[in-house]
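Inside the fold
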Amino acid sequence: MAHRIYIYNVDLKDKVEFPTLLAEWNYVLPALLTPLFAVGIRTKGTLLYADKDAGVERLRQFYDLLEKTYQLQENTSFVVARNQLFDFLENLPFETFKIDGRDVFDMQEEKHSEQAKNWVLEIKQDIRYFEEALVTQSLAPLDEVLDRVSIRSFLDILETDWIAYGVGYWEKAAIQDKGVSIYEEGGKYGLKDRYGNTLIGATYTRLHAWNESGIALVEKDNRFGFISNLGEELVPCMYDWAVDPHEVDGKHYAEVKKGENWGVLEVETAHWALEPIYDFVRWVYEGYFTTKQDNAFQLYHIDGRCIIDESSAEPFQFDFKNLFFVQAKGSISRKYYQRNGLVFGTFMEDVLQPLANGYFWTKPNKLQKKINILKPDGQALAANTNRIIARDGYQTIAYLDGKEWKIYSLENHVFRLEEDVISKLSLDEIGDYVVDVFVLTTARGQGIYQASAGRWLLQPEVDHQKITYCFMEFMRITTSRGMCYFDVKLEALSEGYDYICEPIHYPNASWKKGELLILFREDRLYNVDLQKQVVEISALEIPSFYADMQNLNVNDQQYFDAFYQRVINV
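Residues numbered from 1 in each chain as written. Predicted model: local features only at pLDDT ≥ 70, side-chain atom pairs only at ≥ 80, totals over all residues. Heavy atoms only, no water.

1. What to know about the overall build of the protein
This is how the line gets drawn: The helix count covers DSSP runs of H or I at least four residues long, the strand count covers runs of E at least two residues long, and both are numbered beginning at the N terminus. Put simply, the radius of gyration uses C-alpha atoms, and a globule should come to 2.2 Å times the residue count raised to 0.38. Think of it in three bands: with a 1.4 Å probe and only protein chains considered, a residue is buried below 20% of the maximum accessible area for its type, exposed above 50%, and partly exposed in between. When charges are tallied, Lys and Arg are placed among the positive residues and Asp and Glu among the negative ones, while His and the ends of the chain are skipped. Lysine's charge is taken at NZ, arginine's at CZ, aspartate's at CG and glutamate's at CD.
A tally of regular secondary structure across the protein gives 9 helices and 46 strands. The C-alpha radius of gyration of the protein comes to 32 Å, more than 25% above the 25 Å expected for a compact globule of 570 residues. Counting only C-alpha atoms and orienting by the principal axes, one finds that the protein spans roughly 95 × 75 × 45 Å. Put simply, the protein has 570 residues, and 48% of those count as buried. Treating the 60 positive side-chain charges of the protein as one cloud and the 87 negative ones as another, the clouds have centres 4 Å apart.

2. Examining the environment of Tyr499
The criterion, for reference: Contacts are residue-level and defined by heavy atoms, with any inter-residue pair within 4.5 Å sufficient. N or O atoms within 3.5 Å of each other form a polar contact, as long as, within protein, one can give a hydrogen and the other can take it, and as long as residues adjacent in sequence are counted only when both atoms are side-chain atoms.
Position of Tyr499 relative to the elements: it lies in strand β43 (residues 499–501). Judged by its relative accessible area of 11%, Tyr499 falls in the buried class. Taking the C-alpha atoms as reference points, Tyr499 and Tyr485, 14 residues apart in sequence, are found 9.8 Å from one another. If we skip the residues at most four places from it in the chain, Tyr499 touches Arg476, Met483, Ile518, Leu519, Phe520, Asn555, Asp556 and Tyr559. One polar contact links Tyr499 to Asp556, side chain to side chain, over a distance of 2.5 Å.

3. Here's the deal with the packing of helix α1 (residues 52–70) against helix α4 (residues 112–136)
When two helices pack together, their arrangement is given by the angle between the helix axes and the distance between those axes. Basically, it comes down to this: The angle between two axes is taken between their N-to-C directions and runs from 0 to 180 degrees, where each axis is a line fitted to C-alpha atoms and a helix contributes only its stretch in contact. Put simply, angles under 35 degrees are roughly parallel, angles over 145 are roughly antiparallel, angles from 65 to 115 are roughly perpendicular, and the rest are oblique. Helix crossings get a hand from a simple test, with the near helix turned counterclockwise from the far one by less than a right angle marking a left-handed crossing and a clockwise turn marking a right-handed one. Classification convention: Asp, Glu, Lys, Arg as charged; Ala, Val, Leu, Ile, Met, Phe, Trp, Tyr, Cys, Pro as nonpolar; all other residues, Gly among them, as polar.
Two numbers describe how α1 lies on α4: the axes approach to 10 Å, and their chain directions differ by 55 degrees. Classed by the angle they form, the pair α1 and α4 counts as oblique. Of the two elements, α1 crosses α4, and the hand of that crossing is left-handed. Contacts between α1 and α4 pair Arg58, Gln61, Phe62 and Leu65 from the former with Phe130, Glu131, Ala133 and Leu134 from the latter. The class makeup of the residues in the contact of α1 with α4 is 5 nonpolar, 1 polar and 2 charged.

4. As for the pattern of salt bridges
Quick note on the threshold: Within this document, salt bridges are pairs made up of a side-chain nitrogen of Lys or Arg and a carboxyl oxygen of Asp or Glu, the two lying within 4 Å of each other.
Scanning all chains against the criterion turns up 28 salt bridges. Between Asp303 and Arg305 there is a salt bridge, and its shortest N-O distance comes to 2.7 Å. Judged by relative accessible area, which is 46%, Asp303 ranks as partly exposed. If you follow the salt bridges from partner to partner, you end up with Asp64, Glu67 and Arg82 in one network.

5. Details of a nonpolar patch on the surface
Which entries qualify depends on this criterion: What makes a patch is a set of residues exposed beyond 30% relative accessible area and free of salt bridges, joined within 9 Å when like-charged and within 5 Å when nonpolar (Val, Leu, Ile, Met, Phe, Trp, Tyr). Note on areas: Shrake-Rupley, 1.4 Å probe, and residue coverage restricted to the protein chains presented here.
A surface patch of nonpolar side chains, amounting to about 270 Å² of accessible area, comprises Tyr27, Val28 and Met107. As for its position among the elements, Val28 is in the loop between β3 (23–26) and β4 (42–44). Exposure remark for Val28: the relative accessible area of 49% places this residue in the partly exposed category.

6. Examining the layout of surface pockets
The cut-off we apply is this: Here a cavity is any set of points on a 1 Å grid over the protein atoms alone where a 1.4 Å probe fits but cannot get out, and a pocket is any open set with protein on both sides within 12 Å along at least 5 of 7 lines; a residue lines the site when it has an atom within 4 Å of a point. Grid points are joined across faces, edges and corners, and a volume is the space filled by probe spheres set on the points.
There is about 860 Å³ of room inside the largest pocket. Lining of the largest pocket is provided by 32 residues; of these, Ile5, Tyr27, Val28, Leu29 and Trp119 occupy positions nearest its centre. Elements with a minimum of two residues in the lining of the largest pocket: β1 (4–11), β3, α3 (102–105), α4 and α5 (143–148). No other element matches α4, which puts 6 residues into the lining of the largest pocket. Taken together, the residues of the lining of the largest pocket break down into 19 nonpolar, 7 polar and 6 charged. Taken as a whole, the second largest pocket encloses approximately 210 Å³ of empty space. If you go around the second largest pocket, you meet 15 residues; those closest to its centre are Gln176, Ser213, Ile215, Ser228 and Leu230. Classifying every residue of the lining of the second largest pocket by side-chain character gives 3 nonpolar, 7 polar and 5 charged.

7. A look at the sheet that holds strand β44 (residues 517–521)
What counts here: Note: two strands are recorded as paired if DSSP finds a minimum of 2 bridges between them.
One open sheet accounts for 4 strands, arranged β43-β44-β45-β46; its pairing is antiparallel. The strands lining the two open edges of the sheet, one partner per strand, are β43 and β46 (534–537). With direction set aside, neighbouring strand axes in the sheet form an average angle of 25 degrees. Relative to β44, β43 runs antiparallel, the two sharing 3 bridges. For Cys501, the partnering residue across the bridge sits in β44 and is Ile518. Against the sheet, helix α9 (residues 554–567) contacts β43, β44 and β45 (524–528), and its axis sits at roughly 130 degrees relative to β43.

8. Description of the sheet that holds strand β30 (residues 380–385)
What the 4 strands build is an open sheet, ordered β27-β28-β29-β30; its pairing is antiparallel. Either end of the sheet is taken by a strand with one partner, and the two such strands are β27 (352–354) and β30. Averaged over all pairs of adjacent strands, the angle between their axes in this sheet comes to 20 degrees, without regard to strand direction.

9. Some remarks on the environment of Pro276
Looking at the element boundaries, Pro276 is found in strand β18 (residues 271–278). Each C-alpha atom of the pair Pro276 and Trp210 lies 25 Å from the other, and the pair is 66 residues apart in sequence. Contacts of Pro276, omitting those with residues within four sequence positions, involve Lys258, Asn261, Trp262 and Gly263.

10. Structural notes on the environment of Lys329
By the element assignment, Lys329 lies in the loop between β24 (324–326) and β25 (333–337). Judged by relative accessible area, which is 75%, Lys329 ranks as exposed. Along the backbone, Lys329 and Ala313 are 16 residues apart, and their C-alpha atoms lie at a distance of 9.1 Å.

11. Side note on the packing of aromatic side chains
Any two aromatic rings considered together are summarised by their centre-to-centre distance and by the angle between their planes. What counts, and what does not: We call Phe, Tyr and Trp rings a pair once their centres come within 6.5 Å, taking the six-membered ring for Trp, and we label the pair stacked below 30 degrees between planes, edge-to-face above 60, and tilted otherwise. Charge over a ring is defined by NZ of Lys or CZ of Arg lying within 6 Å of the ring centre and within 35 degrees of the ring normal.
For the coordinates displayed, the defined rule picks out 42 aromatic pairs. For the pair Tyr285 and Phe318, a centre-to-centre distance of 3.8 Å together with 5 degrees between the ring planes defines the contact as stacked. Linking Tyr285 in strand β19 (residues 280–285) with Phe318 in strand β23 (residues 317–318), this pair joins segments that are 33 residues apart in sequence. Chaining the aromatic ring pairs together yields one cluster made of Trp25, Phe37, Phe88, Phe97, Trp162, Tyr169 and Trp170. The cationic tip of Arg60 hangs over the ring face of Phe86; the distance from NZ or CZ to the ring centre is 4.5 Å. Of note, Lys192 hangs over the ring of Tyr183, and the distance from its end group to the ring centre comes to 4.7 Å.

Structure below.
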């Protein structure tokens, strides 16, 4: 998980803070926004602070230079985004930016306060480059800044889709937050902006909480409508009842009652997605709604399509396995439907277990004692099997067919190794490092197989007596001559050793200490270092390894003890 830098707007004098987080960035300040923190950058303890107003002006000057250099004056997307960015920054209420980099500081052992001081020095050095660029009206002084982040030009940064000319760096909620507050007057509610100006008068008897997009359900004179936290009336209070809206693909839809009938209203346009002709409407999932008409339920999509026109006495529901279902009162079984409306099958609750790419398997239950594996259309891939191996993140499964194992690619929809008889199959922690990997035993011997690619990483051989997981991406292979290890990521097989075990000193979080494997050969001891190089451990170092061997499992400890007594205590 990436470590983050967090940006806030604060009033240091009154010790208040803008209620919304402005931004969170991975590891470093974005090069495009460095001028924003060019004035008054300083530390206080572990935090950094910079002057807002002067920084916004410096950033505006830099944007002027970018606009001139790249001739963006006629680029509508740039102009709109620039205006939105500076409208947001200039209207922040407080005079100071607070920069919290403590999450990034946790990556190093140095004191946070020292790291903060060093970071200010680095920022000031970059600011010098930007100042030179502004004075010379040339971006050439900034080449070193771009080289450091491996970017060819600031135009490439500006035109990156998610950056959106700089707007994308900031939290959507912060940009939309205009500091609107709810006020009460005479038992009714309205909206004011951060400066106390009235946006909407106190006319609502009830005002629901804002959703994430800043839309709220309101009530006035026993009628319902919707407003935005920008102070806009989206839908006048004219309906007999309504519920909070649901976001679907960036738009908002709500169940609304008009007279005696229900429909689904698109809030932003106030147009009907589903006309108000139903006795009942309820949101199910994403853009799907269950409707009731003439005492029968059906399933509709907001685009007007009837998904399931098979009438039901009960409402349709969604079970978050990408299937809809209906369950009759008093029944222990559910009838499942695919998203296209076709019937998937009838099963008890919690029997269906999802696999990748729309496949399922069924848990044994009182109605079905064995496992079935189902294709995305509900048809059987395999029936009445006793065992299945299915791991999260894997695109392949394995199941027992009689006394043989079968491997099936859920991504390519094909069986693997159909020409081989697989008598044994194992799956262990190696799947944390390389997915879709199995250790298989066939007539040719044991090997390591990557099922998603349909190929052997380590060809099966009879002399591979045992293949087991050792550490991280390393497998341990026992042969008639001793042991060797196999790096699954590099697909590299080592030379032979007498014995191999996991590390005594696990690599630490910064990957500066520790080893990956311990190797024994005759009277010599080796380790695989963090660069995956084999390094001999000197006779003087062996006692310190021996003293720490309690980190090993019992079998490895016993081998190390016997080695130590034979080699050191001779």
